[in-house]
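Here are the chains, one letter per residue:
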Amino acid sequence: MAPQVQATSIDGEPQVYEEKNVHAIYDEIAPHFSSTRYKPWPIIAAFISSLPIGWIGLDSGTGNGKYLPLPFDRPGAICTIGLDRSRNLLNIAKNAGNTGKIRDVVLGDILGRGWRVAAFDYAISIATIHHLATHERRKTAVKRLIEAVSPNHGRVLIYVWAIEQDALSKRTIPVDGATGTRGQDVVVPWVLSRQDKGSQASTEPQVLNRYYHMFAKGELSGLVQDAASELGLQLGPPLGLGEAPISISRGVEMVQDGWERSNYYVELRCWELP
Amino acid sequence: MVRLITHNLLACHVKGCNTNNFPLQFKDVQIELREAEFNPDFLKGFMPKLEWKALVDAARQLGDTTLPLEQPEMLDDEFLKNLHHVLLEIHVEEGVMTCSNCKHEYPVSNGIPNMLLAEHEIG
Ligand SMILES: [Zn+2]
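The name given to chain B in an unreviewed UniProt entry is Trm112p-domain-containing protein, and the organism recorded there is Collybia nuda. One UniProt comment on chain B, placed under Subunit (unreviewed entry), says "Interacts with TRM9."

The name recorded for chain A in an unreviewed UniProt entry is Methyltransferase type 11 domain-containing protein, from Collybia nuda.

(A) Representation of the overall build of chain A in the model. Helix and strand content of chain A: five helices and 11 strands. Residues counted as buried form 54% of the 274 residues belonging to chain A. A separation threshold of at least 6 residues defines the contact pool for chain A, and within that pool the share at least 24 residues apart is 69%.

(B) Molecular detail of the coordination of the zinc ion. All names here are of chain B. The protein atoms donating to the zinc ion are C12 (SG), C17 (SG), C99 (SG) and C102 (SG), with metal-donor distances spanning 2.3 to 2.4 Å. Its four donor atoms give the zinc ion angles of 101 to 116° at the centre, a pattern that matches the tetrahedral case. Expressed as a motif, the donor residue spacing for the zinc ion is C-x4-C-x81-C-x2-C. Pair noted here: C17 is in the loop between α1 (4-7) and β1 (25-33) and C99 is in the loop between β2 (90-98) and β3 (105-109), with a separation of 82 residues, a long-range link.

(C) Broad picture of the layout of surface pockets. Roughly 740 Å³ of internal volume is contained in the second largest pocket. Taken together, 34 residues form the lining of the second largest pocket, with L111(A), G112(A), R113(A), H13(B) and I122(B) sitting closest to its centre. Those elements that place two or more of their residues in the lining of the second largest pocket are α1 (14-36) and α4 (135-148) of chain A. Split into classes, the residues belonging to the lining of the second largest pocket amount to 14 nonpolar, nine polar and 11 charged.

(D) A look at the pairing of strand β11 (residues 263-272) of chain A. Residues and elements named next belong to chain A. Where burial is concerned, most of β11 is hidden: eight out of the 10 residues are buried. The pairing of strand β6 (residues 155-161) with β11 spans seven bridges and is classified as antiparallel. Following the sheet pairing, R155 is matched in β11 by R269. As paired strands, strand β10 (residues 250-260) and β11 are joined by 10 bridges and run antiparallel to one another. Considered in β11, the bridge of G251 is made with W271. The hairpin turn running from β10 into β11, its antiparallel successor, is two residues long, and R261 in that turn takes a positive phi close to 45°.

(E) Spatial organisation of helix α3 (residues 52-61) of chain B. Residue and element names in this part refer to chain B. Every buried residue of α3 is accounted for by W52, A54, L55, V56, A58 and A59. Taken together, the buried residues of α3 touch α1, β1 and α4 (77-88). G63 sits one or two positions beyond α3 and adopts a positive phi of about 90°.

(F) Fine view of the nonpolar core. By size, the foremost hydrophobic cluster in this structure holds 72 residues, and its most contacted members are F120(A), I129(A), I158(A), L55(B), L83(B), L87(B) and M97(B). In terms of residue count, the dominant contributor to this core is α4(B) (six residues). The contact partners of I129(A), leaving out residues within four places of it in the chain, are I110(A), R138(A), A141(A), V142(A), L145(A), I158(A), V160(A) and F215(A).

(G) Local environment of the sheet that holds β3(B). All names here are of chain B. Within the open sheet, the four strands sit side by side as β1-β2-β3-β4. Their pairing is antiparallel. The strands lining the two open edges of the sheet, one partner per strand, are β1 and β4 (112-113). Pairing geometry for β2 and β3, over four bridges, is antiparallel. By the bridge assignment for β3, M97 is matched with Y106.

(H) Representation of the packing of aromatic side chains. All names here are of chain A. The tally for this structure, following the rule as stated, stands at seven aromatic pairs over all chains. Ring centres 5.3 Å apart and planes at 85° place the aromatic pair Y17 and Y211 in the edge-to-face group. Taken together, the residues span a long stretch of sequence, with Y17 in helix α1 and Y211 in strand β8 (residues 206-214) at a distance of 194 residues. By relative accessible area, Y211 is classed as buried at 0%. Three or more aromatic residues joined by ring pairs make a cluster, and in this case those are W41, Y159 and Y265. Above the ring of W41, the side-chain terminus of K66 is found at 5.1 Å from the ring centroid.

(I) View of helix α2 (residues 42-49) of chain A. Residue and element names in this part refer to chain A. All of the buried residues in α2 are I43, I44, F47 and I48. Buried residues in α2, looked at end-on, bunch into an arc of 135°, giving them a common side. Contacts from the buried residues of α2 go to β5 (122-126), β6, β10 and β11.

(J) Here's a closer look at the pattern of salt bridges. Taken as a whole and judged by the stated rule, the model has 18 salt bridges over all chains. We note a salt bridge from K27(B) to E105(B), for which the minimum N-O separation is 2.8 Å. Taken together, the residues span a long stretch of sequence, with K27(B) in strand β1 and E105(B) in strand β3 at a distance of 78 residues. What makes K27(B) partly exposed here is its relative accessible area of 37%. Given a relative accessible area of 40%, E105(B) falls into the partly exposed group. Between R34(B) and E32(B) there is a salt bridge, with its nearest N and O atoms 2.9 Å apart. For R34(B), a relative accessible area of 25% corresponds to the partly exposed category. Connected via shared salt-bridge partners are E136(A), K139(A), K143(A) and E230(A).

Criteria and thresholds
Residues numbered from 1 in each chain as written. Chains lettered and ligands numbered in written order. Predicted model: local features only at pLDDT ≥ 70, side-chain atom pairs only at ≥ 80, totals over all residues. Heavy atoms only, no water. UniProt positions renumbered as here; feature names shortened; annotations may be inferred. Helix = DSSP H or I, 4+ residues; strand = E, 2+ residues; numbered from the N terminus. Buried < 20%, exposed > 50% of the residue type's maximum accessible area, 1.4 Å probe, protein only. Contact = heavy atoms within 4.5 Å. Donors = N, O, S within 2.8 Å, 3.2 Å for Na, K, Ca; no water. Tetrahedral: all angles 85-135°; square planar, octahedral: opposite > 155°, others 65-115°. 1 Å grid on protein atoms, 1.4 Å probe; cavity = no way out; pocket = protein on both sides within 12 Å on 5 of 7 lines; lining within 4 Å. Points joined across faces, edges and corners; volume = space filled by probe spheres on them. Nonpolar A, V, L, I, M, F, W, Y, C, P; charged D, E, K, R; others polar. Pairing = 2+ DSSP bridges. Core = buried A, V, L, I, M, F, W, Y, C linked by side-chain atoms within 4.5 Å. Phe/Tyr/Trp six-rings, centres within 6.5 Å; stacked < 30°, edge-to-face > 60°. Lys NZ or Arg CZ within 6 Å of the ring centre and 35° of its normal. Arc of directions from axis to C-beta. Salt bridge = Lys/Arg side-chain N within 4 Å of Asp/Glu carboxyl O.

Shown next, in the form of structure tokens:
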């Protein structure tokens, strides 16, 4: 039987914890991980397909870069730059799509801000923010995505793992600490078979436990709310010139807030009064 | 990979480095040229978002002097092809990008720029 998802709690500094329980593991499992992650999810593919020609975007936590070649029906219409902390995954992401075309990737932290403010038209962060070990850091990650895009027309799509799993998912999720809109910290085992490790003479497969924060219903949209408020943004649809109080000139609208295949997602659109 | 399309977005993010932190200056670079498919509509859509002077300066640092100092009003084919080449076909494989303000160095190796900072440098 496959090893189970287990409840966990964070000890020590979150950065140190993430280094050991997320980053080091992705670097180790990169090739095997990549071979299991090749199919773009439909809502993400639809989001990318809807972007106007000439737009430039950030894929924050790009992993093996599977979203970098999209949209398949209009290759080269937009340019997505992949950011990740794992050099081994980026070496794979560089060649994402296997078309011989080299993708633009950057080694960096999703909480960093190594770009001009609002340099991008769009940003996506797929299955990434759930690897951050505190609520504060997850909120900062959402703020960074909003700051990365144009205040006038920027669009953001965020996907995270949900406690509520698809009926087809074989995982059972322990929910000892999860109440209301607080999610659950877990570790998810990755079994590295001897094959993946080359010809090493170990007999037992190695199990690496990756840390995840599994989101509760409403938790992701709550993060967006807090992030928007800390950035001084109105949360909601664009206000007309006359309707907005003097203090409000910019905002962000949550145009999608949903659940798909064991994940919660939100889509944001930024707006600015002229 | 650092093509100039990416370089035009990157800025220094060391704690407290908020002015003159863009663009990063190339040093000791090795470049490779790879042909890319010409897509004039992409270029026209993307142009308004470019920091033009930063792009022209970076291209000159890499030895390409085909772009005019001012963004032209008329986008003829010759100009678009030059822009296409500068933005999308010059790949910096190895080298260093230095912040003009705080002198922090961001290395580029195997085509991948490293924008990670040490814990004490993060703002
Ligand atoms: Zn600097």
